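Each chain, written out:
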Amino acid sequence: MNHRTYLTLAIPLTISTMTTPLLGAVDTAVVGQLPAPAYIAGVAVGTLIFNTLYWVFGFLRVSTSAFAAQANGASDPDQGVLALSRPFLLAVIVGMLFILLQWPIERAALLVISPDADVSSFAVEYFRIRIWGAPFTLMNYVILGWLMGMAKIKESLCLQILTNVLNMVLAILFVHAFSFGVQGVATATLIAEITAFALGLFIIVKASPFKWKTPSIQALMDTDSMKRMFNVNKDLFIRTICLLVVINMFTAKGASFGTEFLAANAVLFQIHYIMAYFFDGFANASSILVGKAVGANDKELYKKTFFLSRQWSIITAFVISSLYAFFQEPIIGLFTNLPSVIEISVKYGTWLIIYPFAACFGLVLYGVFTGATEIAPVRNSMIYATVLYIIIQLIVTPIWHNHGLWLAFIIYTIGRSVFLIMYTPRLNKKILQPKELKVS
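Residues numbered from 1 in each chain as written. Predicted model: local features only at pLDDT ≥ 70, side-chain atom pairs only at ≥ 80, totals over all residues. Heavy atoms only, no water.

S.K.: Help me out: how do you make sense of the overall build of the chain in this one?
M.R.: In terms of regular secondary structure, the chain is built from 19 helices and 0 strands. In summary, the chain has a C-alpha radius of gyration of 21 Å against a globular reference of 22 Å for 440 residues, a match within 12%. Once the C-alpha set of the chain is aligned to its principal axes, its extents read approximately 60 × 40 × 35 Å. Counting all 440 residues of the chain, 59% fall into the buried class. When contacts within the chain are restricted to residue pairs at least 6 apart in sequence, those whose partners lie at least 24 apart make up 85%. Total accessible area computed for the chain in this model is approximately 17700 Å², and 69% of it derives from carbon and sulfur atoms. (Helix = DSSP H or I, 4+ residues; strand = E, 2+ residues; numbered from the N terminus. Rg over C-alpha atoms; globule rule 2.2 N^0.38 Å. Buried < 20%, exposed > 50% of the residue type's maximum accessible area, 1.4 Å probe, protein only. Contact = heavy atoms within 4.5 Å. Areas by Shrake-Rupley, 256 points an atom, 1.4 Å probe, with all protein chains shown as cover.)

Put into structure tokens, the structure is as follows:
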């Protein structure tokens, strides 16, 4: 494998994953053109609630992709079907629970974040519409993860682009043509989520590399396989909880500085998401290739993927940081036209120039570890980085306020990279020594 082969996989995956943060970014940008910062702050709080709910179960996409890639590498159609069926069942159950528990979820979230009354009102409007898309969103995670794991990159790219274009068009139509406000933004996203699910099922039937057949209950509930899936997902779950602790602490502290700071930080965080998902495309490419290498016991493919992952993480950091440094104000202007919010965003936006270099190794190596289904190091690195963030935030925010908040976040991001790098010699030893190689 060479650079061209790696990029042939990574570039479409980058485009594909870049469409994911656009759901929240489009919602933020559309309401950012409305006349008060409470609109953008309300949607920021609503988006945070759903990010919390969905990211907790983001392992559904990551683990599905890893198991599907290993089944693909081993040329095992039965495991390919089960790699989709098992997490799909879990997604349905969890999504329905979210709907049934929507009232306590709403109350608990607002109690923790404690936004101003007008911000809270808009957040509730947004939440009570989008919550009905919970089962579809989680099933979409599984569908997308399976398509990526099976190296159906074109199909996954088309699915996400069509979904996000629909979301953009409907959001603009509902808010600016029909004046539905926050409810219009939420409705547009809900329709896009349901549409993505229907399209995803259709694509799976058409793009499956093998004849589709329903697995038996015995195969679906196989004890050893279920235990392995839940062990991987357990560690990813803990990793996500750590991520959400940081994000919620960041948002809650930003809210304490006032509505305009909450709105400005929401804009900057949406830009940060886009940067992170840019790296995620390379992480997904590495995950697929490493999963295939593990499934096929191909050590040369693993070594080459590991080398290219590190190299392209650095190159990507330079590109992202340079683009943002040169076009900072126009990029912020895409999200809001409120002068006060723009002024605050520009003042603190310099931190995002540093972010790509702080994040690059951790985010791309994350794909290497998940592709090998070696998740414990990912879990541990996140726990250490989260503890570091809490300590730094408590020390520096009373002194430097919002600058201190962003400093804590950057140090946390550096910690994610450094702590995960420390585990790479152990991973290399495990994968490259035949007697310790675990083949799925």
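After that view, the rundown keeps rolling.
S.K.: Quick question: what am I supposed to make of the packing of helix H3 (residues 37-56) against helix H13 (residues 259-296) here?
M.R.: For the pair H3 and H13, interaxial distance at closest approach is 9 Å and the crossing angle is 45°. In terms of their interaxial angle, H3 and H13 are classed as oblique. Once H3 is placed against H13, the crossing between them reads as left-handed. Within the contact between the two elements, H3 uses Pro37, Ala38, Ile40, Ala41, Ala44, Val45, Thr47, Asn51 and Trp55 and H13 uses Thr259, Glu260, Leu262, Ala263, Ala266, Val267, Gln270, Tyr273 and Tyr277. Its residues assigned to classes, the contact of H3 with H13 comprises 13 nonpolar, 4 polar and 1 charged. (Axes fitted to C-alpha atoms, helices over the stretch in contact; angles between N-to-C directions. Parallel < 35°, antiparallel > 145°, perpendicular 65-115°, else oblique. Left-handed = near helix turned anticlockwise from the far one by under 90°. Nonpolar A, V, L, I, M, F, W, Y, C, P; charged D, E, K, R; others polar.)

S.K.: Explain H3 here, please?
M.R.: The periodicity of an α-helix, 3.6 residues per turn, causes residues three or four places apart in sequence to face the same way. The end-to-end C-alpha distance of H3 is 28 Å, a good match for the 28 Å that 20 residues give at a rise of 1.5 Å each. Within H3, 17 of the 20 residues are buried, which leaves it mostly tucked inside the rest of the structure. (Expected span 1.5 Å × (residues − 1).)

S.K.: Sorry if this is basic, but what is going on with helix H4 (residues 59-73) here?
M.R.: Its 15 residues give H4 an end-to-end C-alpha distance of 21 Å, which sits within 8% of 21 Å, the value for a rise of 1.5 Å per residue. Of all 15 residues making up H4, 14 are buried, and the element is well covered by its neighbours. Phi turns positive, to about 55°, at serine 75, one or two residues after H4.

S.K.: I'm lost on the pattern of salt bridges in this one. Help?
M.R.: Working definition: two side chains of opposite charge can pair if their charged atoms are close together. Overall, the coordinates contain 6 salt bridges when judged by the stated rule. Glutamate 106 serves as the salt-bridge partner of arginine 107, at 2.7 Å between the closest nitrogen and oxygen. Looking at arginine 107, the relative accessible area reads 35%, which means it is partly exposed. A relative accessible area of 3% places glutamate 106 in the buried class. Several salt bridges converge on common partners, so that one network encompasses Glu106, Arg107 and Arg128. (Salt bridge = Lys/Arg side-chain N within 4 Å of Asp/Glu carboxyl O.)

S.K.: Mind showing me how you'd approach the packing of H13 against helix H14 (residues 299-326) here?
M.R.: At a minimum axis distance of 9 Å, the contact between H13 and H14 shows a crossing angle of 165°. With respect to their mutual orientation, H13 and H14 come out roughly antiparallel. With respect to the hand of their crossing, H13 and H14 are arranged in right-handed fashion. Between H13 and H14, the residues in contact are Leu268, Ile271, Met275, Phe278, Phe279, Phe282, Ser286, Leu289, Val290, Lys292 and Ala293 and Leu301, Tyr302, Thr305, Ser309, Trp312, Ser313, Thr316, Ala317, Ile320 and Tyr324, respectively. Per-class residue counts for the contact of H13 with H14 are 15 nonpolar, 5 polar and 1 charged.

S.K.: Whenever I open this one, the packing of aromatic side chains confuses me. Can you help?
M.R.: Pairs of aromatic rings are described using the distance from one ring centre to the other and the angle between the two planes. Evaluated as defined, the whole model comprises 27 aromatic pairs. With 6.5 Å between their ring centres and 80° between their planes, tyrosine 54 and tyrosine 141 make a pair best called edge-to-face. Taken together, the residues tyrosine 54 in helix H3 and tyrosine 141 in helix H8 (residues 134-149) connect sequence positions 87 residues apart. Between the aromatic rings of phenylalanine 178 and phenylalanine 180, the centroid separation amounts to 5.6 Å while the plane-to-plane angle is 45°, which identifies the pairing as tilted. Judged by its relative accessible area of 44%, phenylalanine 180 falls in the partly exposed class. Among the aromatic residues, those joined into a cluster by ring pairs are Phe250, Phe269, Tyr273, Tyr355, Tyr389, Trp406, Phe409 and Tyr412. Arginine 130 extends its terminal NZ or CZ atom over the ring of phenylalanine 50, reaching a point 4.7 Å from the ring centre. A cation over a ring is seen here: arginine 239 above tyrosine 366, with NZ or CZ 4.3 Å from the ring centre. (Phe/Tyr/Trp six-rings, centres within 6.5 Å; stacked < 30°, edge-to-face > 60°. Lys NZ or Arg CZ within 6 Å of the ring centre and 35° of its normal.)

S.K.: Explain a nonpolar patch on the surface to me, please; I cannot follow it from the model alone.
M.R.: A surface patch of nonpolar side chains, amounting to about 390 Å² of accessible area, comprises Ile11, Ile15, Ile161, Val165 and Val169. A per-element tally of the nonpolar patch places helix H9 (residues 153-177) first, with 3 residues. (Patch = residues over 30% accessible without salt bridge, like charges linked within 9 Å, V, L, I, M, F, W, Y side chains within 5 Å.)

S.K.: Looking at this structure, how should I read unusual backbone geometry?
M.R.: Most of the time, phi is negative for any residue but glycine, and the peptide bond is trans. Although it is not a glycine, asparagine 297 adopts a positive phi angle of roughly 55°. One can find asparagine 297 in the loop between H13 and H14. Phi at threonine 373 is positive, roughly 50°, even though this residue is not glycine. Position of threonine 373 relative to the elements: it lies in the loop between helix H17 (351-371) and helix H18 (376-421).

S.K.: Would you mind going over the confidence of the model for the chain with me for this structure?
M.R.: Low pLDDT marks regions whose predicted coordinates should not be analysed in detail. Looking at the chain, pLDDT values average 84 and 91% of them are 70 or higher. Predicted confidence is poor over residues 435-440, with pLDDT under 50, and the contacts of this stretch with residues over four places away or in other chains come to 14 contacts. (pLDDT = per-residue confidence, 0-100.)

S.K.: Quick question: what am I supposed to make of the side chain of threonine 336 here?
M.R.: Residue placement: threonine 336 occurs in the loop between helix H15 (328-333) and helix H16 (339-348). Reaching out from threonine 336, the side chain makes a polar contact with the backbone nitrogen of leucine 338 at a distance of 3.1 Å. With residues up to four places along the chain from it excluded, the contact list for threonine 336 reads Gly32, Gln33, Ile40, Val267, Val341 and Ile342. (Polar contact = N/O pair within 3.5 Å; in protein donor to acceptor, adjacent residues only side chain to side chain.)

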